[in-house]
Amino acid sequence: MRKTNSYRERIAKRLTWVIALIVLIVFVVIYLVVNFTIIQNSDKTLLAEAEKHLKEISLVDGVLIFSHKDEWEEAEHAEIQLNPIFIEIVDVQGKTMDRSPNLKEKHLTFLTDRSMREDALTLEIGNEEVRQMQIPLRNKGEVEGYLLLATSFEDSRHLLSNLLKILLFFYPAILISIFLTMRYLVGKSIEPIQEITAITNRITQKNLNERVLLTEQNDEIGQLASSINELLSRLEQALTREKQFTSDASHELRTPLAVLRGTLEVLIRKPRTSEEYESKIQTALQSIDRMSEMIEQLLVLARVGRFSSSDYITVDLLDFAQSFSKKMSGDYAREINFETNLSLPLELEVNTKSLQMILTNLLQNSIKYSEQDSVIVIRVGIHQGMPFITVEDEGVGIESESLDRIFDPFFRETQLLEKPVPGTGLGLAIVRKLALESGISVDVESRKGMGSVFRLIFQEKI
Ligand code: ADP
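## Examining the site of the ligand
Surrounding the ligand, one finds 20 residues, the nearest of these being Asn365, Tyr369, Arg412, Thr424 and Leu428. Lys368 is positioned such that a nitrogen or oxygen atom in its side chain is 2.9 Å from an oxygen atom of the ligand. One of the side-chain nitrogen or oxygen atoms of Tyr369 is found 2.8 Å away from an oxygen atom of the ligand. Look at the ligand: alone it shows 530 Å² of surface, and the protein chains cover 98% of it. Contributions of two or more residues to the shell around the ligand are made by α9 (352–368), α10 (427–438) and β14 (451–458). If you tally residues by element for the shell around the ligand, the top one is α9, at 3 residues. Residues that form the shell around the ligand fall into these classes: 8 nonpolar, 8 polar and 4 charged.

Here it is in structure tokens:
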């Protein structure tokens, strides 16, 4: 639980950092744009004012001439206005020649190093901040003085500092509220995960049938929930199979043990003839053989999956199947034919040990469940680009409703047979497990009384 919370904090912090950076950039841009616009506006006013006055005044041999002195003394330069324009005319040394009355005793600053620059700059006169422009006055191309114009920057500075204060106040406020919102939202969105964790923590072997609640949405969390549910289903099935297997195995072993015990008990009850002893001991030996065979097969089943990668080698499937048929035909004294419509070698990388065991099991079944004089065929071919091997017999066949179950451990259909066929019901379970391991799929086609075809399909396109 603690981990999930820290995840929530972590995500909220990361998002807040990112947003903090974005908001900071936005705030800086806002401040700079406002600053730039204010300066530009006041510079525009200064320029317009300068253009107007430049028409009215001229300097001839150091003497100041006004074309409309009356306008020059108009109210705007005389009174203290909301946005007054201060004007001062200086000679090349910066000595005052004339200045607007609103300057009172103050003077505008003449900057010798900016004598040829007409752009405005921010300065201070007295304790007041102004934007000032310095424009050369020429007479026949010669600079004879300068027109200095200035406008108060106090209101603008006030506005800018207010804006800065607002931005600085809102910045942490925004960040705190974003962090808290994020933490809440992330917490909300991981709630289903916490629920899933709680349920999965609760699930043990005893309540494997419980499932995680599926959310409506088919989002990542919904997919996680359904994946966990599928995993639980698989686990439940595996556990059920395991339980079934253990109970079947004990049951199957108990039967021959019971026969053995019964036979021996009958034997010791009273003295018997030697023929009776022989027959009963034969029965006891059969029970022991059956148990040995079953234990042997159970061990094989348990060992499946212990093949090493060195067991995988490239073989010609035609050659492999042909020599296998020949050998088995000799071993079991049965007619086993090899057939194929392929002419070229069919090279595949296979687990030869595993394939040998699979084919042996299938072939032993074909031999067991068909008449001695019937033919068994091992066929190799390619279907839809996939190599296959089939084991075909003309034996007793399998009921269609049993086809799904013949690969289950201990399933046998022998009760339908005329004479008992020895077996444990584990052969096809071994085949299925081995095939699954080696990437081979197995299917079966069979009709009762007509025979069966077991097909191994190699999942490797040719
Ligand atoms: P077992 O042969 O020891 O009984 P298997 O697992 O090999 O066990 O086979 C399971 C069941 O499938 C058999 O009992 C039998 O009923 C049926 N079966 C398998 N192969 C064949 C076959 N070739 N022909 C008819 N039935 C078969």
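## Digging into the packing of aromatic side chains
Applying the stated criterion across every chain yields a total of 5 aromatic pairs. The interplanar angle of 75° and the centroid separation of 6.4 Å between the aromatic rings of Phe407 and Phe454 together place this pair among those described as edge-to-face. Of this pair, Phe407 sits in the loop between β12 (386–393) and α10 while Phe454 sits in strand β14, placing them 47 residues apart in sequence. Judged by its relative accessible area of 6%, Phe454 is buried.

## Focus: the nonpolar core
The biggest cluster of nonpolar side chains holds 46 residues, and the ones touching the most others in it are Leu355 and Leu363. Residues lining this core come from more than one domain, with at least three contributed by each of domain 2 (220–302) and domain 3 (307–458).

## Quick word on the side chain of Thr352
Turning to its location among the elements, Thr352 is positioned in helix α9. Residue class for Thr352 comes out buried when judged on its relative accessible area of 16%. Sequence-distant contacts of Thr352, defined by excluding residues within four places in its chain, comprise Asp311, Ile313, Val315 and Phe320.

## Describing the pairing of strand β4 (residues 96–99)
As defined by bridge partners, strand β3 (residues 85–91) adjoins β4 across 3 bridges and the pair is classed as antiparallel. Of the residues in β4, the one forming a bridge with Glu88 is Arg99. Between the end of β3 and the start of β4, which pair antiparallel, lie 4 residues, with Gly94 showing a positive phi angle near 95°.

## A short note on helix α8 (residues 317–332)
Residues three or four positions apart in an α-helix share a direction because the helix packs 3.6 residues into each turn. Its 16 residues place the ends of α8 22 Å apart at the C-alpha level, agreeing with the 22 Å of an ideal helix rising 1.5 Å per residue. Immediately beyond the C-terminal end of α8, within one or two residues, lies Ala333, with a positive phi of roughly 50°.

## Here we look at the domain arrangement of the chain
Domain boundaries assigned for the chain yield domain 1 (2–160), domain 2 (220–302) and domain 3 (307–458). One C-alpha centre belongs to domain 1, the other to domain 2; they are set 103 Å apart.

## Considerations on the pairing of strand β11 (residues 376–383)
Note: strand β9 (residues 336–340) against β11, 5 bridges, orientation parallel. Its bridge partner being in β11, Thr340 is matched across the sheet by Val380. In the sheet, β11 pairs with β12 via 7 bridges, with the strands oriented antiparallel. Bridge pairing links Ile378 to Val391 in β12. The loop that links β11 with its antiparallel partner β12 comprises 2 residues; one of these, Gln384, has a positive phi angle of about 50°.

## Here we look at empty space enclosed by the protein
Inspection of the entire model under this criterion finds 1 cavity of 30 Å³ or more. One number sums up the size of the largest cavity: a volume of about 30 Å³. Lining the largest cavity, in full, are Leu111, Arg114, Arg117, Asp119, Leu121, Gln132, Met133 and Gln134. Considering every element that reaches the lining of the largest cavity, the biggest residue donor is strand β6 (residues 128–139), with 3 residues. Residues belonging to the lining of the largest cavity are distributed by class as follows: 3 nonpolar, 2 polar and 3 charged.

## Some points on the pattern of salt bridges
Applying the stated rule across the entire model yields 18 salt bridges. Across the pair Glu129 and Arg157 runs a salt bridge, and its minimum N-O distance is 2.9 Å. Of this pair, Glu129 sits in strand β6 while Arg157 sits in helix α4 (residues 154–189), placing them 28 residues apart in sequence. When its relative accessible area of 14% is taken as the criterion, Glu129 is described as buried. Because the salt bridges share partners, they merge into one network encompassing Glu339, Arg379 and Glu392.

## Quick notes on a nonpolar patch on the surface
A cluster of nonpolar side chains, contributed by Leu21, Leu24, Ile25, Val28, Val29, Leu32 and Val33, occupies part of the molecular surface with about 610 Å² of accessible area. Mapped onto the fold, Ile25 is located in helix α1 (residues 2–56).

## Details of unusual backbone geometry
One non-glycine residue, Lys140, lies in the positive phi region at around 50°. Locating Lys140 in the fold gives a position in the loop between β6 and β7 (142–152). Overall, Lys140 belongs to the exposed group, its relative accessible area being 77%. In this model, Gln384 sits at a positive phi of 50°, which is unusual for a non-glycine residue. Inspection of the secondary structure assignment puts Gln384 in the loop between β11 and β12.

Parameters at a glance
- Residues numbered from 1 in each chain as written.
- Predicted model: local features only at pLDDT ≥ 70, side-chain atom pairs only at ≥ 80, totals over all residues.
- Heavy atoms only, no water.
- Near = heavy atom within 4 Å.
- Polar contact = N/O pair within 3.5 Å; in protein donor to acceptor, adjacent residues only side chain to side chain.
- Areas by Shrake-Rupley, 256 points an atom, 1.4 Å probe, with all protein chains shown as cover.
- Helix = DSSP H or I, 4+ residues; strand = E, 2+ residues; numbered from the N terminus.
- Nonpolar A, V, L, I, M, F, W, Y, C, P; charged D, E, K, R; others polar.
- Phe/Tyr/Trp six-rings, centres within 6.5 Å; stacked < 30°, edge-to-face > 60°.
- Buried < 20%, exposed > 50% of the residue type's maximum accessible area, 1.4 Å probe, protein only.
- Core = buried A, V, L, I, M, F, W, Y, C linked by side-chain atoms within 4.5 Å.
- Domains from an automatic or database assignment.
- Contact = heavy atoms within 4.5 Å.
- Pairing = 2+ DSSP bridges.
- Expected span 1.5 Å × (residues − 1).
- 1 Å grid on protein atoms, 1.4 Å probe; cavity = no way out; pocket = protein on both sides within 12 Å on 5 of 7 lines; lining within 4 Å.
- Points joined across faces, edges and corners; volume = space filled by probe spheres on them.
- Salt bridge = Lys/Arg side-chain N within 4 Å of Asp/Glu carboxyl O.
- Patch = residues over 30% accessible without salt bridge, like charges linked within 9 Å, V, L, I, M, F, W, Y side chains within 5 Å.

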